[in-house]
Amino acid sequence: MAPAAIWLVVFFLAPLVQVVRLSFSADEFGLTAKGWSLGSYTAALGAFLPNLANSLTIGLLATTVAFLVGVPLAYGISFYGGRRRALLLFLAVAPFLTSYLVRVISWQTLLGASGPVLGPLKSLGLVGDRFVVMGTSFSVVAGLSYQLIPFVILPSYAAFQRVDRDLCAAAADLYSGRWGARGAVLGSVLGLAVGMLAVYTLSGRRLDLSPTAALALLAFAMVGALVAASVTESFLHVVLPLSVPGLTAAGVLTFIPALGDYVNAALLGNVRTQMLGNVIQTKFLTELDYAGAAALSSLLLAITLAILGLYLHRLRGTAVLDLV
Amino acid sequence: MSTFNQPRSRRTFLRQMGLGAAALGVGVSVAGCSSKGSTTAKTGGLGASSPVTGTVRWAANSGEIDPKDVKRFEAAAGVTLDYREVIADADQFFASVKPQLTAGLSIGYDLICLSSQYVSVYAEHDWLIKPDSSALPNVTKNLLPQLSSVAHRDIAIPYDYAPLGLAYSKKDFPSGLHSWGDLLSKAAHGKVGLYSTPIPNVAAWGLYLKSQGKIDHAPAEMTIEEALEVVAFLKPYIRSGQLLTTQGENAVQKLASGDLFAAVAPPVNVAEVDPVTVGFAVPTEGAPAYVDRLAIPKGAANPRAAEALIDWWFQPENAASFCKYTLQYPYARGVKDVLAKTDPKLADNPIIFPGEDVLNRLFPYPPPWSDNERASLSRAWTAVISG
């Protein structure tokens, strides 16, 4: 244990203490750790709350999208992949063996004004010539979700694999129905919640009360209701409860990097989608305001730990440590 | 039961963490006291009579030189060139080496490419070794006259030289771009890419504001108050999305793909794409011109080899190879004559060899300002681009 303790002290505790100490520096231009002051924190909270809000909303929406794509994929591979499970799993995560930056830049090409998505739509006259997707919240969420999907697939797959198939066989006898009406109600509420998050985030954190937004919310609620209503009882009563630790781990492994991400916002977004990570990067590398960067980093760390603590406490997710 | 198999309590673990932290603190203190001199940056020691051997480690900008020139230099000088394209962004490179240079430590390179905006910072903090002029005969003979008078020319050799003008889509601006003000039109909303760092933007738009009578000085004499005024001018255009800041180095590729209509870029980026689709203009108000340098940082292990490398680049055929590969303006005499024989089309390219009227509209970057002034400008810029 002593080597592990030393490792933790050297590579975790010491740098963390240094960053937190720097965040309280009274050096006017934040270049060194001198004196004690809350100035960096008050400046950070005063000027960069919108960026923190971007990190929370974009991070949460991207995590949600990653779950909506990754969990069904992991479930399908685990329960229906048969002998090709390993191959299917590899194919699902193989794109992520390439460089992170290359994957982000590929989204620039994909969503570009004349790219493979918009180019044909513009040629067919389905969207206007000036219609853009790049440089919007949508492109940031799309790019970030894509990066997070393997962090959902892998722990979810591991969790689904641990479910005893004999229990599933027994459940197939006991529970032959679907969630039905109750599921539809809950699904519509969840769908509406996701829809509201999506509309709020994609409209640049504004309360969009337009007919388009209303239609989008209705669509989310209906899709949520349909999907939930069709969930089988055996999945609901057996598979899902047994998979909670893995899904909790997936949530932790996606939301934390999503909160701190800045590359997607820098390359796919605009000035209004800048996340707290972008500000930290600029403060550290351009402004050389180390104290300010340290204060923002410490703030982000505190918020992440608070959310994580609440999440794990609510889900009693201590077993998640087995899977993380 | 062995030491590793004994059950551990929480108290034991925390005790070990504490001992580890204490050991770390003692170790760091002792290391700090005892090794202060062992990696301190060396000073001086240069001389034309010292033999040139060993390896020269060069921190360069991305795409700085033709890889073939590495072999040519090694064959000519008998020195190994460890060439590393580690400078993707001048601000980030400066941020990465500043702590070591401030502490008097070596940064691990013998030669670095120094961005215009940082030359005075390095010079005034005494972070550079002055090359021996007797070891630079080709520099003395061939450096262009207009580059001989730049500040700190004796300690940081002028080298990579080009304007930051306007790259534009010919389809969207069929009659070309003539003024910085053309970028503020409604037709260009959301389709104009600025440079990612503040100094070039302040220099460029400072020229526009000077032409409008809103500030008094050209970039090289600009006061910090005028620079902040330029940032304040740009703020509403950036916030409204008229001008885009987060474009990265592939802005010109976005011009070709239609994501942008115009971008602030050097001619080298434009010369890489189809001239039928993308054009380049130096606005009537003028454009800032960067003059990057070759400099030997304090603590360089092989400064003599670095001098040899600098001087090698000022032989006309080598300068021509640089110009041909990077499509930057020539920095040495004789380049056009060499290219006229090896690449006549390039020798006649007005983007690389502009006329006097264009050269007269190029202005050096802003002055270095103090550390605090630069920090206040960066802070103002961060506040604008962070939304």
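These figures come from a predicted structure and were not determined experimentally.

Parameters and conventions
Residues numbered from 1 in each chain as written. Chains lettered and ligands numbered in written order. Predicted model: local features only at pLDDT ≥ 70, side-chain atom pairs only at ≥ 80, totals over all residues. Helix = DSSP H or I, 4+ residues; strand = E, 2+ residues; numbered from the N terminus. Buried ≥ 20, exposed ≤ 12 C-beta atoms within 10 Å, placed from the backbone. Contact = placed C-beta atoms within 7 Å. Domains from an automatic or database assignment. Nonpolar A, V, L, I, M, F, W, Y, C, P; charged D, E, K, R; others polar. Axes fitted to C-alpha atoms, helices over the stretch in contact; angles between N-to-C directions. Parallel < 35°, antiparallel > 145°, perpendicular 65-115°, else oblique. Pairing = 2+ DSSP bridges. pLDDT = per-residue confidence, 0-100. Core = buried A, V, L, I, M, F, W, Y, C linked by C-beta atoms within 7 Å. Right-handed = clockwise from strand over helix to strand, strands pointing away. Left-handed = near helix turned anticlockwise from the far one by under 90°.

It is worth spelling out the overall build of chain A at this point. Of the regular secondary structure elements, chain A holds 14 helices and zero strands. Overall, chain A shows an N-to-C arrangement of helices and strands of α-α-α-α-α-α-α-α-α-α-α-α-α-α. Projected onto its principal axes, the C-alpha positions of chain A cover 70 × 65 × 35 Å. For chain A, with 324 residues in total, the buried portion stands at 40%. Of all intrachain contacts in chain A linking residues separated by at least 6 positions in sequence, the fraction that spans at least 24 positions is 78%.

Okay, the domain arrangement of chain B next. Interface extent is often summarised as the accessible area lost during association of the parts. All names here are of chain B. The domain boundaries assigned to chain B delineate domain 1 (55–162 + 290–352) and domain 2 (163–289 + 366–385). Placing the centre of domain 1 and that of domain 2 at their C-alpha centroids yields a distance of 26 Å. Taken together, the 15 residues of domain 1 in the interface contact 13 residues of domain 2. Breaking the side of domain 1 that touches domain 2 down by element, the ones donating at least two residues are helix H3 (90–102), helix H4 (119–124), strand S5 (156–163) and strand S11 (287–297). Per-element tally for the side of domain 1 that touches domain 2: the top contributor is H4, with three residues. When the residues that make up the side of domain 1 that touches domain 2 are grouped by side-chain class, the tally is nine nonpolar, four polar and two charged.

Take the packing of helix H7 (residues 198–211) of chain B against helix H8 (residues 224–239) of chain B next. Residues and elements named next belong to chain B. Taken N-terminus to C-terminus, the directions of H7 and H8 make an angle of 85 degrees; their axes are 9 Å apart at the nearest point. Comparing their axes, H8 and H7 come out roughly perpendicular. Each of Asn201, Val202, Trp205, Gly206 and Leu209 in H7 lies in contact with H8, whose residues at this interface are Glu226, Ala227, Val230, Val231, Phe233 and Leu234. Tallied by class, the residues present in the contact of H7 with H8 amount to eight nonpolar, two polar and one charged.

The next point concerns the interface of chain A and chain B. The interface of chain A with chain B comprises 37 residues on the first partner and 31 residues on the second. Counting residues per element, the ones that place at least two in the side of chain A that touches chain B are helix H1 (2–23), helix H3 (49–80), helix H12 (263–268) and helix H13 (276–287) of chain A. Along the lines of polarity and charge, the residues of the side of chain A that touches chain B split into 23 nonpolar, 10 polar and four charged.

Residues and elements named next belong to chain B. The strand order across the open sheet formed by five strands is S8-S7-S9-S6-S10, and the pairing between neighbours is mixed. Lying at the two open borders of the sheet, with one neighbouring strand each, are strand S8 (243–244) and strand S10 (278–281). Here strand S7 (residues 192–193) runs beside strand S9 (residues 262–265); their pairing, made up of two bridges, is parallel. Residue Gly193 lies in a different strand from S9, and its bridge partner there is Ala263.

Take the confidence of the model for chain B next. Low-pLDDT portions of the prediction should not be read for the details of their coordinates. Residues and elements named next belong to chain B. Per-residue pLDDT for chain B averages 84, and the proportion of residues at 70 or more is 85%. Here residues 1–7 scores under 50 on pLDDT; set against residues more than four positions off or in separate chains, the count is one contact. Here residues 25–48 is modelled with pLDDT under 50, and outside its nearest four sequence neighbours on either side it reaches 22 contacts, counting other chains as well. Scored as a complex, the prediction yields pTM 0.76 and ipTM 0.73.

With that out of the way, let us pick up the nonpolar core. One finds Leu111(B), Ala167(B), Ala262(B), Ala263(B), Leu309(B) and Ala319(B) to be the most contacted residues of the largest nonpolar core, which totals 111 residues. The element contributing the most residues to this core is H7(B), with eight residues. Counting residues in each nonpolar core, the second largest holds 67 residues, with Ile153(A), Ala250(A), Ala291(A) and Leu296(A) among its members.

A few words now on the environment of Ala184(A). Residue and element names in this part refer to chain A. Among the structural elements, Ala184 can be located in helix H9 (residues 180–202). Put simply, Ala184 and Met222 are 38 residues apart on the chain and 8.5 Å apart in space, counted from C-alpha to C-alpha. Excluding anything up to four places from it in sequence, Ala184 contacts Ala225, Ala228 and Ala229.

With that out of the way, let us pick up the pairing of strand S1 (residues 55–61) of chain B. Every other side chain in a regular strand lies on the same face of the sheet, so the side chains alternate between the two faces. Residue and element names in this part refer to chain B. Sheet analysis places S1 next to strand S2 (residues 80–87), joined by six bridges and oriented parallel. Residue pairing across strands places Arg57 opposite Asp82, the latter belonging to S2. Following the chain from S1 across helix H2 (residues 67–77) to the adjacent parallel S2, one finds a crossover that is right-handed. Bridge count between S1 and strand S3 (residues 111–114): two bridges; the pairing is parallel. By the bridge assignment, Ala59 is partnered in S3 with Ile112.

Helix-helix packing is characterised by the crossing angle of the two axes and by the distance between the axes. Residue and element names in this part refer to chain A. The N-to-C vectors of H3 and helix H7 (residues 137–162) enclose an angle of 40 degrees; their axes lie 6 Å apart at closest approach. Taken together, H3 and H7 sit at an angle that is classed as oblique. Note on packing geometry: the crossing formed by H3 with H7 is right-handed. Tallied by class, residues from the contact of H3 with H7 come to 22 nonpolar, seven polar and no charged.

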